Amino acid sequence: MAQLRTRENLRPGSEPGSPQQLLSALVDHLRQNRTPLCEEWVQRITEARVLTAMTREEVFAEAIAVYNNYVDALESGTMETLQAYARNLSERIIPRGVETNEVIGIVLLLRDVLARSLFAKYQADFTVLNRILDAYEPAANRIANTVAVGFVQEKERVIREQQEAIRVLSTPVLQVRERLLILPIIGVIDSQRARQLTEQLLRGIRSNRAKVVVIDITGVPVMDATVANHLVQTVEATRLLGAMVIITGLSPEIAQTLVTLGVDLSKMNTVGDLQGGIEEAERLLGYKVLPVSELPHTE
Amino acid sequence: MEVPILKQGAYLIASIQSALEDDDLVRLRDALTAQVGRARSRGVIVDVTALDVMDSFATRTLSELASIIRLRGAEMVIVGIQPEVAVALARLGLNLEGVATVLDLEEGIAYLNYKAHAPGREKNPRGQI
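Here the structure is a predicted model, which is why all the values come from computation and not from measurement.

### A word on the environment of Leu96(B)
Its place among the elements puts Leu96(B) in the loop between α3 (83-92) and β5 (100-102). Taking the number of C-beta atoms within 10 Å as the measure of exposure, Leu96(B) has 21 and is therefore buried. Separated by 40 residues in the primary sequence, Leu96(B) and Ser56(B) have C-alpha atoms spaced 9.6 Å apart. Not counting residues up to four positions away in its chain, the partners in contact with Leu96(B) are Leu240(A), Thr59(B), Leu62(B), Ser63(B), Ile78(B) and Thr101(B).

So, in structure tokens, the structure goes:
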């Protein structure tokens, strides 16, 4: 089989044995033998120990759908329907824990099963077999490619979504009293995170009708001029929404950086630690926290 | 585009409905200045909830208006600055210094009441609680 074969372009033609005719014959053969070929394919999948996350019935049901899409793609030569199906399938099986190597593996197994059935059917005439394979192989390769790429793209989309969720969750805006929000920041703040932080904070101020916000930067290791400016602008924007910012948890290093950078500190209200910040906020809002023992006449 | 000015007890409420040209802003400034005297109002609320953009002319005119109103013996407060507008103003350094800004109409009235009942009180140097 290690011969050099010329790849013919698939052109519609009416000559006997034209690529188009061969393709039709191929597609008819695959359709007529769908059930046995699908069963053989599922058998191979089981032997290869892939898709263990799914039951045999589930695998068979998906196998029929994949098979139909596969044969349709072979016939039409266009990949759009297959792409859409691959995406849809990926959306369903990724949460089930199916891995990329499994998906590529099963598509290649199907390719092998179909190729073997072609060898069996056309083994009498080597020339015809070659020409059938000329029609089959490029199309089958495109299909394997399409399915694999569709799966990987879907996986990448899921990863991006998760990264976004982590980014949002990592700067929670928390209400601790009526009209009082805390924004604890952990980790490095870059420009994008600073922007996202500010958006979240302003939305939180609006929905909670907060009057004081305590921004705690204990967990921020490094600050530079850009981040310091973002912080100042966040304080400004917050003021325009009628709320006040208290910044807590400035490390000695960050405090030094801010002074050295010449950041306009008159705009910033700072308190050493979070506890002090919350106490100051409560005072501003008119709360007074007393131990129960100091309350008059409680039971 | 004329901005409707409503009277609510001792206060005037100017509700900006849509983007204003420069001369609309000037007209609003003049109208409010005049009405404060006529109605002997103690406070003015300028509601910018409907604005999704504010430029330097707007912020300068509103700052001037606040000063004029104060000279006429009343207080002014701007309510309803949208988050996107607040971010843009902060970034451009148009910070409406010296003008009280609060979240919404309810806060605006509360602010004016606070100011009215403590006329001798200096604005808290740490903010506007």
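### Comments concerning the confidence of the model for chain B
Interpreting fine coordinate detail is not advised for predicted regions of low pLDDT. Residues and elements named next belong to chain B. Taken residue by residue, chain B gives an average pLDDT of 89. The fraction at 70 or more is 91%. Taken as a whole, residues 123-129 scores under 50 in pLDDT and shows eight contacts with residues more than four places along the chain or in a different chain. Listed scores for the predicted complex are pTM 0.62 and ipTM 0.85.

### Thoughts on the nonpolar core
Side chains that are nonpolar tend, in soluble globular proteins, to be buried together. By size, the foremost hydrophobic cluster in this structure holds 71 residues, and its most contacted members are Val212(A), Val213(A), Val44(B), Met76(B), Val77(B), Ile78(B) and Ala86(B). For this core, the leading source of residues is helix α8 (residues 225-240) of chain A, giving six residues. Formed by 37 residues, the second largest nonpolar core is a distinct cluster that contains Leu23(A), Ile93(A), Val98(A) and Ile132(A).

### With respect to helix α5 (residues 100-122) of chain A
Residues and elements named next belong to chain A. Spanning 23 residues, α5 covers 33 Å between terminal C-alpha atoms, matching the ideal 33 Å at 1.5 Å per step. Burial in α5 covers these residues: Glu102, Val103, Ile106, Val107, Leu110, Val113 and Leu114. Residues of α5 that are buried sit in contact with α1 (19-32), α2 (34-47), α3 (56-76) and α6 (126-169).

### What about the sheet that holds strand β5 (residues 269-271) of chain A?
Strands pair in a sheet through their backbones, by hydrogen bonds, and they do so in one of two ways: parallel or antiparallel. Residue and element names in this part refer to chain A. Across the sheet, which stays open at both edges, the five strands sit in the order β1-β2-β3-β4-β5 with mixed pairing between neighbours. In this open sheet, the two strands that pair with only one neighbour each are β1 (174-177) and β5. Mean inter-strand twist for the sheet, computed between neighbouring axes without regard to direction, equals 30 degrees. Two strands pair when backbone bridges link them, and strand β4 (residues 244-248) and β5 are joined in this way by three bridges, in the parallel orientation. Counterpart to Ile246 in the pairing with β5 is Asn269. Against the sheet, helix α10 (residues 274-285) contacts β1, β2 (180-186), β3 (212-219), β4 and β5, and its axis sits at roughly 175 degrees relative to β3.

### Let's talk about the sheet that holds strand β4 (residues 75-79) of chain B
Residue and element names in this part refer to chain B. What the five strands build is an open sheet, ordered β1-β2-β3-β4-β5; its pairing is mixed. Strands with a single pairing partner mark the edges of an open sheet, and in this sheet they are β1 (5-8) and β5. Across the sheet, the mean angle from the axis of one strand to that of its neighbour is 25 degrees, orientation sign disregarded.

### Here's the deal with the interface of chain A and chain B
Facing the 17 residues of chain A at the interface are 16 residues of chain B. The set of elements that each furnish at least two residues to the side of chain A that touches chain B consists of α7 (191-208) and α8 of chain A. Its residues assigned to classes, the side of chain A that touches chain B shows six nonpolar, four polar and seven charged.

### What to know about the packing of α1(A) against α6(A)
Residues and elements named next belong to chain A. It is the contact of α1 with α6, at a shortest axis distance of 9 Å, that shows an interaxial angle of 80 degrees. Considering the angle they form, α1 stands roughly perpendicular to α6. Contact residues: Pro19, Leu22, Leu23 and Leu26 in α1; Arg131, Ile132, Ala135 and Tyr136 in α6. In the contact of α1 with α6, the residues fall into seven nonpolar, no polar and one charged.

### Looking at the pairing of β4(A)
Residue and element names in this part refer to chain A. Burial analysis of β4 places five of its five residues in the buried class, the great majority of the element. Examined bridge by bridge, β3 and β4 share five bridges and lie parallel to one another. Counted as the bridge partner of Ile215 is Ile247 from β4. What joins β3 to β4 is α8, and the crossover it makes is right-handed. Traced from β4 through helix α9 (residues 252-261) to β5, the parallel crossover comes out right-handed.

### As for unusual backbone geometry
All names here are of chain A. Even without a glycine there, the phi angle at Arg179 is positive, about 70 degrees. On the secondary structure map, Arg179 appears in the loop between β1 and β2. Non-glycine residue Arg209 carries a positive phi angle of around 50 degrees. Mapped onto the elements, Arg209 comes out in the loop between α7 and β3. On the basis of neighbour count, Arg209 is assigned to the partly exposed category, with 16 C-beta atoms found within 10 Å.

Thresholds, definitions, all that
Residues numbered from 1 in each chain as written. Chains lettered and ligands numbered in written order. Predicted model: local features only at pLDDT ≥ 70, side-chain atom pairs only at ≥ 80, totals over all residues. Helix = DSSP H or I, 4+ residues; strand = E, 2+ residues; numbered from the N terminus. Buried ≥ 20, exposed ≤ 12 C-beta atoms within 10 Å, placed from the backbone. Contact = placed C-beta atoms within 7 Å. pLDDT = per-residue confidence, 0-100. Core = buried A, V, L, I, M, F, W, Y, C linked by C-beta atoms within 7 Å. Expected span 1.5 Å × (residues − 1). Pairing = 2+ DSSP bridges. Axes fitted to C-alpha atoms, helices over the stretch in contact; angles between N-to-C directions. Nonpolar A, V, L, I, M, F, W, Y, C, P; charged D, E, K, R; others polar. Parallel < 35°, antiparallel > 145°, perpendicular 65-115°, else oblique. Right-handed = clockwise from strand over helix to strand, strands pointing away.

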